[in-house]
Structure formats: C-alpha cells, structure tokens
Amino acid sequence: MINVLIIEDQRMMRETMEGYITQAEGYHLAGSFPAAGDAEKFCAINPVDLVLMDVCTENDESGFVATKEIKARFPKIKVIIVTSMLDAGYLNRAREVGADSIYFKDVSQMELMNVVEHTMNGESVYPDKTPDVRIGNIKSSEFTEAEVKVLHLMVEGMTYKEMADELGVSTDCVKKHIGSMLSKTGYPSKTKLTAMVVSKRLIVNGF
C-alpha cells in the first residue's frame, strides 16, 4: 500500500485529488492539508511514500521550500509538484529542490495517476514546456525570455530603476521591454499587465 500525503490550499482541488487517491487501487490517503508547512512534520510521525505538493499554499507557505526540506530529511519519499503556476522557470525550481516529478492541475484522474505510477516506479516526469495561457492578445509563450524576467520584477513591485539595477541594464531598456509587452497584449498600462499576469497565475510574487 502506497501512503499519500496531499498538500493543496484550494479546497475543491484538494478534495478532487483526495478522491483520485482513495479510488485508486493500492493507494492510501495518509493525510491532506492546505499548508506546506505541515508536510515535513506529518512525514516525521506518519508513514508517507508520496507527497502531492502544491506550490503556493495557505499562509503563503512555499511548496518548493517544503519539498526541499522533505527530500533532505526523507530522501526515499517521492514528491510530485502539482501546480497551476505556469511560468517555465518553475520547472527548473522543481528540479533544484529535488522534486521527483511535476505536473499541472486540471488534468484527468487517469493523467495524474499515470504520473504517480511512473514516479513511484522510479521515473522522473517533467513536461517539455508549461501550458500556454492567454494574456490579452497573445499566448504566454510569445513573451521573450528578457520580457519574462521583467515581468517577475514587476510582480514584485519594483520601480523602473530597481528593475534596471537588478537586471544590469538601463531604465530605457526596461521601459522598452514593458512597452513591447503592452503592445503585444493590448493592455493600457503595466499595472493592468501585472494584474492580469498574477490573476492568470503565470507569475505569483514570492514563488
């Protein structure tokens, strides 16, 4: 029997994954919590073979941080990042913290359990790219790498100068990237662009 811990802050999604696990033969739902900070503590006192880990959880607790802690202390426990965050940079972050696999939310039970089974068999499942999301008039994949870097800093609330200093470029260069993104998306201001990027969960501040 494979004991599974679920960390997911959205109640409906958490209950959906709970249903997937309880219905699957050979799997047991060991626990289910909305906050990533509960994961390591639970693993320390309960038998857990697999963690399905959200990234942005209750109390702003990071699933990346929790995954790193779990893998350092309990290396035999498998961790699958299951997220709605669509920035391609999160694929690299998942690898860096030791996640065994990563997959995206809103998949079918068959798709998720297929990833689970491959992971439990010692395979690492990572998609080639993140799903596209519509941002105004374009798909997220139409942003350049430099524009995505600027978007991250915009979401953090940085000024033009702060962004320029962080990226090692001029403020005119930053403004050029923002102007290009506004032209592509059709949004009237960087405030609107930032709000839409966050609302579509392309980039979330702090994660």
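Quick caveat: nothing in here was measured; it's all calculated off a predicted structure.

## Description of the sheet that holds strand S4 (residues 78-83)
Read across the open sheet, the 5 strands follow the order S2-S1-S3-S4-S5; overall the sheet is parallel. What marks the edges here is a single partner per strand, and that holds for strand S2 (27-33) and strand S5 (101-104). Looking at each pair of strands side by side, their axes are set apart by 20° on average, direction ignored. Strand direction decides the pairing type here: strand S3 (residues 50-53) and S4, joined by 4 bridges, are parallel. The residue of S4 that forms the bridge with valine 51 is valine 79. Strand contacts of helix H5 (residues 109-120): strand S1 (2-7), S2, S3, S4 and S5, with the helix running at about 155° to S4, the strand carrying the most contacts.

## Examining unusual backbone geometry
Leaving glycine out, the prevailing phi sign among residues is negative, and the prevailing peptide bond configuration is trans. Despite not being glycine, asparagine 59 has its phi angle at roughly 65°, a positive value. Here asparagine 59 shows up in the loop between S3 and helix H3 (63-73). A positive phi angle, close to 60°, is found at aspartate 60, a residue other than glycine. Among the secondary structure elements, aspartate 60 is positioned in the loop between S3 and H3.

## Here we look at the side chain of aspartate 100
Tracing the sequence through the fold places aspartate 100 in the loop between helix H4 (89-96) and S5. What aspartate 100 contacts, discounting residues up to four positions off in sequence, is Lys71, Ile77, Lys78, Val79, Thr119, Glu123, Ser124, Val125 and Tyr126.

## Quick look at the pattern of salt bridges
Pairing of side chains with opposite charge becomes possible as their charged atoms draw close. The full count for this structure, using the stated rule, is 6 salt bridges. Of the charged contacts in the structure, one is a salt bridge between aspartate 100 and lysine 71, with a shortest N-O distance of 2.9 Å. Taken as a pair, aspartate 100 in the loop between H4 and S5 and lysine 71 in helix H3 lie far apart in primary sequence, 29 residues in all. Residue classification places aspartate 100 among the buried positions, given a relative accessible area of 14%.

Criteria and cut-off values
- Numbering of residues starts from 1 in every chain and runs along the sequence as written.
- Selection of residues for local features in this predicted model requires a pLDDT of at least 70, selection of side-chain atom pairs for listing and counting requires 80 or more, and totals for whole chains, interfaces and linings are taken over all residues.
- Calculation of side-chain values draws on the structure's entire complement of heavy atoms; hydrogens and water are dropped beforehand.
- Strands qualify as paired when DSSP identifies two bridges or more between them.
- Strands here are runs of E lasting at least two residues and helices are runs of H or I lasting at least four, both read from the DSSP assignment and numbered beginning at the N terminus.
- Every axis corresponds to a line fitted to the C-alpha atoms, with the helix fit spanning only the stretch in contact, and the corresponding angles, defined between N-to-C directions, vary from 0 to 180 degrees.
- Contacts were defined at the residue level, with two residues in contact if any of their heavy atoms lie within 4.5 Å.
- Each salt bridge in this description consists of a side-chain nitrogen of Lys or Arg and a carboxyl oxygen of Asp or Glu lying within 4 Å of one another.
- Each residue is placed in one exposure class: buried if its accessible area under a 1.4 Å probe, protein chains only, is under 20% of its type's maximum, exposed if it is over 50%, and partly exposed if it falls in between.

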